[in-house]
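For reference, the chains in residue letters:
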Amino acid sequence: MELTPRDTIAPIVHIVSNREIAPEIFLIAFEAPHLAKQALPGQFVMLSVPPLYDPLLPRPFAVFDVEGSVVKVLYRTVGKGTGQLSRTKKGDLLKVLGPLGNGFSLPDPGTTSIVVAGGIGIASVYFLLVHLLKRATAPTTLLYGVRFKQELIPLEPLEERGLLIRIATEDGRQGVQGTVAPLLQDTLDQGLPETDREYFVCGPLAMLRAVAGRMDGRGVRAQFSLESRMACGYGVCQGCVLPFKDDADPGQVRYRKVCTEGPVFSPDSISWEAIPE
Ligand SMILES: Cc1cc2nc3c(=O)[nH]c(=O)nc-3n(C[C@H](O)[C@H](O)[C@H](O)COP(=O)(O)OP(=O)(O)OC[C@H]3O[C@@H](n4cnc5c(N)ncnc54)[C@H](O)[C@@H]3O)c2cc1C
Ligand code: FES
């Protein structure tokens, strides 16, 4: 979505709550009626904490969920920006730019949806799951992998709405031991017609690469949500570009902006070998 210069002034909103729901994983909620009305699954926002200017640049986060006029973001603390966010509390101010990016295309209600999330990648697909469960007439399954059991975020509200969940933990303390990739392999090997199914995937780059590798050549329909470092979030700085296959010559690489052309792409369009490990 292209923004006008006026759109790029981030409104300042009030934080409603901010709490640690799993080790180093926080759920922040803020009052943002305009965003709440417009946000689509897979879109993101740029957040910063005023009046602080260090870090100078806002950070990108997926829209996790919307409840009335309140928008929620789920985030893991990894550095300065997320550390700063984790210290905010009810009543504090937050600069919020968005909704940004293309978001997921929702499938026909009769399509079986298989959502694959690795670690904090769950943050980018939760709102999608909410939408799928509202409208789907076919089953929606989540394949959810984390390193440690404690990282699993509560999903009971979605289970109550009919979500089927398969879990993989690398510490083996819940679900299948290992990564989410073998769970996906089971699903791919069920022998069901891929024309009736669509996959939605978000997670760390290594997981996306592994999942794309297992899907390759099977004729599956899939949408991957990518992450890259972002400075502006709306197409100006070029900081977010990643390599894709050139439509005219798939042997050549063409750089595309993850913020405005994505963050959701077909895995077949990504030049995986040109992305550094
Ligand atoms: C479209 C989009 C949506 C995102 N949604 C979420 C979300 O919902 N929840 C969430 O927790 N995170 C999300 N992220 C990642 C989040 O933006 C980064 O974790 C955040 O910017 C880190 O900021 P920081 O200042 O705390 O870390 P920094 O101090 O900037 O960096 C700390 C460490 O994290 C690494 N890092 C920072 N950003 C990224 C990145 N984009 N990809 C890989 N490694 C990175 C750095 O290399 C460094 O090692 C999203 C990113 C994108 C592009
Ligand atoms: S983040 Fe600035 S162009 Fe994409």
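Relevant structure appears above.
A short tour of the structure in this document, coming up.

The rules we used
- Residues numbered from 1 in each chain as written.
- Chains lettered and ligands numbered in written order.
- Predicted model: local features only at pLDDT ≥ 70, side-chain atom pairs only at ≥ 80, totals over all residues.
- Near = placed C-beta within 6 Å.
- Helix = DSSP H or I, 4+ residues; strand = E, 2+ residues; numbered from the N terminus.
- Nonpolar A, V, L, I, M, F, W, Y, C, P; charged D, E, K, R; others polar.
- Domains from an automatic or database assignment.
- Axes fitted to C-alpha atoms, helices over the stretch in contact; angles between N-to-C directions.
- Parallel < 35°, antiparallel > 145°, perpendicular 65-115°, else oblique.
- Left-handed = near helix turned anticlockwise from the far one by under 90°.
- Contact = placed C-beta atoms within 7 Å.
- Pairing = 2+ DSSP bridges.
- Expected span 1.5 Å × (residues − 1).
- Buried ≥ 20, exposed ≤ 12 C-beta atoms within 10 Å, placed from the backbone.

## Here we look at the site of ligand 1
Close to ligand 1 lie 24 residues, the nearest being Tyr-75, Gly-79, Gly-81, Thr-82 and Ala-123. Among the elements of the structure, strand S4 (59-62), strand S6 (70-76), helix H2 (80-86) and helix H3 (122-135) are those that each provide at least two residues to the shell around ligand 1. Along the lines of polarity and charge, the residues of the shell around ligand 1 split into 13 nonpolar, six polar and five charged. Both domains that meet at the shell around ligand 1, namely domain 1 (5-100) and domain 2 (112-274), each give it at least three residues.

## Remarks on the packing of helix H5 (residues 181-188) against helix H6 (residues 205-215)
Two quantities define a packed helix pair, namely the angle between the helix axes and the distance between the axes. Running from amino to carboxyl end, H5 crosses H6 at an angle of 20°, the nearest separation of the two axes being 10 Å. As the angle between them shows, H5 and H6 are arranged roughly parallel. Of the two possible hands of crossing, H5 and H6 adopt the one that is right-handed. In this structure, H5 contributes Ala-181, Leu-184, Gln-185 and Leu-188 to the contact, and H6 contributes Ala-210, Val-211 and Arg-214. Looking at the contact of H5 with H6 residue by residue, the class counts come to five nonpolar, one polar and one charged.

## Examining the sheet that holds strand S5 (residues 65-67)
Read from one edge of the open sheet, seven strands run S4-S3-S7-S1-S2-S6-S5, paired in antiparallel fashion. A strand with exactly one partner marks an edge of an open sheet, and here the two such strands are S4 and S5. When strand polarity is set aside, the average angle formed by the axes of neighbouring strands in this sheet is 40°. Alignment of S5 against S6, held across three bridges, turns out to be antiparallel. In the strand pairing of S6, Glu-67 is matched with Val-70.

## Brief notes about H3
Between its terminal C-alpha atoms H3 stretches 20 Å, which fits the 20 Å expected from 14 residues at 1.5 Å a residue. Within H3, the full set of buried residues consists of Ile-122, Ala-123, Ser-124, Val-125, Tyr-126, Phe-127, Leu-128, Leu-129 and Leu-132.

## What about the pairing of strand S2 (residues 25-31)?
In this structure, strand S1 (residues 12-22) lies alongside S2, joined through six bridges in antiparallel fashion. Within S2, the position partnered with Asn-18 by the bridge is Ile-28. Between the end of S1 and the start of S2, which pair antiparallel, lie two residues, with Glu-24 showing a positive phi angle near 65°. Bridge analysis of S2 against S6 gives seven bridges, and the strand direction is antiparallel. Residue pairing in the sheet places Leu-27 in a bridge with Leu-74 of S6.

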